[in-house]
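Structure assessment
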Amino acid sequence: AAQIDISRFKNLALDTQDDGVWVVTIDRPKKRNALDIDTIEELVDFFSLAPRAGVKAVVLAGSGDHFCAGLDLIEHHDADRSPADFMHVCLRWHEAFNKMEYGGVPIFAALQGAVVGGGLELASSAHVRVMDQTCYFALPEGQRGLFTGGGATIRVADLVGKSRMIDMMLTGRVYQGQEAVDLGLAQYIVEGSSFDKAMELARKAAQNLPLTNFAICSAISHMQNMSAFDAAYAEAVVAGVVNTQPDARARLAAFADKSAARVRPNS
Ligand code: 1HE
C-alpha cells in the first residue's frame, strides 16, 4: 500500500480517523481557501495516493467561514500568465479533480459560506455535498472577465443543467438554501454543522467494502462518458468483479441466515 506523508502537506490539513476516514481541509482561511498552484498540487498528490493508501472515505472541508473562493485571483494577477501557462494550470486542476471523481474513494464535501467559481468546481468533484445554512453557490467568473477552467462546464452543467449554468455565469446568480438542494448543487442541507453531517455519512460509507465503493465512485462516472451500449458492457464487467469478491460472502451469508438488516422505509 502507498503511504501518505502528512508532513509534506502545507495548504491541506490532513487528519485520520481510526475507521479509515480522512479529513482533508483546505487550510488557507485568510485567503478564503483560494486555490493557488501549491494547493492544487497537494490535491493531486493526496488524491493520487488515497486509492492505494487504504483511505476508506474522505471528508473534504474548508477552514474558516468559507469553503473555497475559487482560483487564487491574486496569484493569477501577479503571475500575468501566458495562454499556454494558464492552460497548463487548468490541466493540473483537471488532474486533481479527475483523481477525486474517478479515484474510487468516496468524497463527502462539507460546505459553508462561499462555494464559488473554482470552489464550486472543487465541490462538484466530490461525490456527495452537504451544505449548511450559510452556504451559497455562484460562478462569478463572468463578472471577473474570466471563464471556468476547472471542469465547471462538465460537472456544474451536469449538476444544474446547461441553461442554469449559463445564467449563473452571465448574471452572477447566487443559489442558496433548499433551492440549491432542489437543483442538485448539494444532496443535503443541515441546520447545524455540515462537517458533522458529512462525517456521519463518510463513516457510514466507510463500512461498505472498499471494492464496492471503488466501483460506485469510479465506474458510475466513467460510464457517463460512454455510450449506453458500452456502459452496459462495462457494468457487467465491473459487477462480475465486485459481486463475486470473497469479502462479500459473509454479507451474503448474513442475508441468507436472516441476521442482516433489511431495507425498510424511513420511520
Ligand atoms: C482571495 C480570493 C481569491 C478572497 N483569490 N485571494 N472567485 C471569486 O471571484 C471569489 C472572490 N472572493 C470573494 O468574492 C470574497 O473574498 C468571498 C465571498 C470569498 C469572501 O468574502 P470576505 O468579505 O469574507 O473576504 P475578503 O475581504 O473579500 O477577502 C479576504 C482575503 O481573502 C483578502 O486577502 P487580504 O490579503 O487582502 O486579506 C482577499 O484578497 C482574499 N481572497 N478570495 C485570492 N479568489 C481554473 S479557473 C477558476 C476560475 C475561478 O475560480 S475565478 C474566481 C472566482
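Residues numbered from 1 in each chain as written. Predicted model: local features only at pLDDT ≥ 70, side-chain atom pairs only at ≥ 80, totals over all residues. Heavy atoms only, no water.

Here we come to the overall build of the chain. The helix and strand inventory of the chain stands at twelve helices and nine strands. For a compact globule of 267 residues, the expected C-alpha radius of gyration is about 18 Å, and the chain comes in at 19 Å, within 12% of that figure. Out of the 267 residues belonging to the chain, those deemed buried represent 46%. For the chain, the exposed surface amounts to about 13,900 Å²; the carbon and sulfur share of it is 55%. One finds the centroid of the 25 positive side-chain charges in the chain at a distance of 6 Å from the centroid of its 32 negative side-chain charges. (Helix = DSSP H or I, 4+ residues; strand = E, 2+ residues; numbered from the N terminus. Rg over C-alpha atoms; globule rule 2.2 N^0.38 Å. Buried < 20%, exposed > 50% of the residue type's maximum accessible area, 1.4 Å probe, protein only. Areas by Shrake-Rupley, 256 points an atom, 1.4 Å probe, with all protein chains shown as cover. Lys, Arg positive; Asp, Glu negative; His and termini not counted. Charge placed at Lys NZ, Arg CZ, Asp CG, Glu CD.)

Next up on the list: a nonpolar patch on the surface. Residues Leu211, Phe214 and Val241 make up a contiguous nonpolar surface patch of roughly 250 Å² in combined accessible area. Mapped onto the elements, Val241 comes out in helix α11 (residues 228-242). (Patch = residues over 30% accessible without salt bridge, like charges linked within 9 Å, V, L, I, M, F, W, Y side chains within 5 Å. Salt bridge = Lys/Arg side-chain N within 4 Å of Asp/Glu carboxyl O.)

What follows concerns the packing of aromatic side chains. Each aromatic ring pair is characterised by the separation of its centres together with the angle its planes make. Applying the stated rule across the entire model yields four aromatic pairs. Measuring from ring centre to ring centre gives 6.4 Å for Phe9 and Phe46, while their planes differ by 75°; the resulting arrangement is edge-to-face. With Phe9 in the segment before β1 (12-16) and Phe46 in helix α1 (residues 37-49), the pair connects residues that are 37 residues apart, well separated along the chain. By the burial criterion, Phe9 is buried, and Phe46 matches it. Relative to Phe47, the ring of Phe46 has its centre 5.0 Å away and its plane inclined at 90°; by these criteria the two rings are edge-to-face. Taking relative accessible area as the criterion, Phe46 reaches 0% and is therefore assigned buried. Using a relative accessible area of 2% as the deciding quantity, one classes Phe47 as buried. Following the ring pairs from residue to residue traces out a cluster consisting of Phe9, Trp22, Phe46 and Phe47. (Phe/Tyr/Trp six-rings, centres within 6.5 Å; stacked < 30°, edge-to-face > 60°.)

Looking now at the domain arrangement of the chain. Domain assignment breaks the chain into domain 1 (6-206) and domain 2 (210-256). The distance between the C-alpha centroids of domain 1 and domain 2 comes to 26 Å. Contacts between the two partners involve nine residues from domain 1, matched on the other side by seven residues from domain 2. Joining domain 1 to domain 2, the criterion identifies zero salt bridges. Run the count over domain 1 and domain 2 and you get five residue pairs in polar contact (both at pLDDT 80 or more). (Domains from an automatic or database assignment. Contact = heavy atoms within 4.5 Å. Polar contact = N/O pair within 3.5 Å; in protein donor to acceptor, adjacent residues only side chain to side chain.)

In the vicinity of the ligand lie 24 residues, with Lys31, Leu71, Leu73, Gly118 and Arg144 positioned nearest. Between the ligand and Ala69, the relevant distance is 2.8 Å, taken from a nitrogen atom to a main-chain nitrogen or oxygen of the residue. Elements that contribute at least two residues to the shell around the ligand include exactly α2 (73-79), β5 (114-116), α4 (118-123) and α5 (141-144). Taken together, the residues that form the shell around the ligand break down as eleven nonpolar, six polar and seven charged. (Near = heavy atom within 4 Å. Nonpolar A, V, L, I, M, F, W, Y, C, P; charged D, E, K, R; others polar.)

Quick look at the pairing of strand β3 (residues 57-62) now. For β3, the buried fraction is high: six of the six residues fall into the buried class. Neither face of β3 is open: one carries Ala57, Val59 and Ala61, the other Val58, Leu60 and Gly62, and all of them are buried. As paired elements, strand β2 (residues 21-26) and β3 share six bridges and run parallel to each other. When the bridges of β3 are listed, Val21 appears paired with Ala57. Running through α1, the crossover from β2 to the neighbouring parallel element β3 is right-handed. Across three bridges, the pairing between β3 and strand β4 (residues 107-111) is parallel. Paired with Val58 across the bridge in β4 is Ile107. (Pairing = 2+ DSSP bridges. Right-handed = clockwise from strand over helix to strand, strands pointing away.)

When their charged atoms lie close together, side chains carrying opposite charge are able to pair. Inspection of the entire model under this criterion finds eleven salt bridges. When the shortest N-O distance is used, the salt bridge between Glu75 and Arg81 registers 3.2 Å. Measuring nitrogen to oxygen at the nearest pair gives 2.5 Å for the salt bridge that ties Arg155 to Glu101. On the criterion of sequence distance, the pair formed by Arg155 in helix α6 (residues 152-160) and Glu101 in helix α3 (residues 83-102) is long-range, its members being 54 residues apart. Of the two residues examined, Arg155 and Glu101, each falls in the buried class. Each member of the salt-bridge network shares a partner with another, and the members are Arg28, Asp36 and Asp72.

Before going further, it helps to spend a moment on the side chain of Gln245. If you trace the backbone, Gln245 turns up in the loop between α11 and α12 (249-256). Overall, the relative accessible area of 8% leaves Gln245 in the buried class. Look past the residues within four positions of Gln245 in its chain and what remains in contact with it is Leu209, Leu211 and Thr212.

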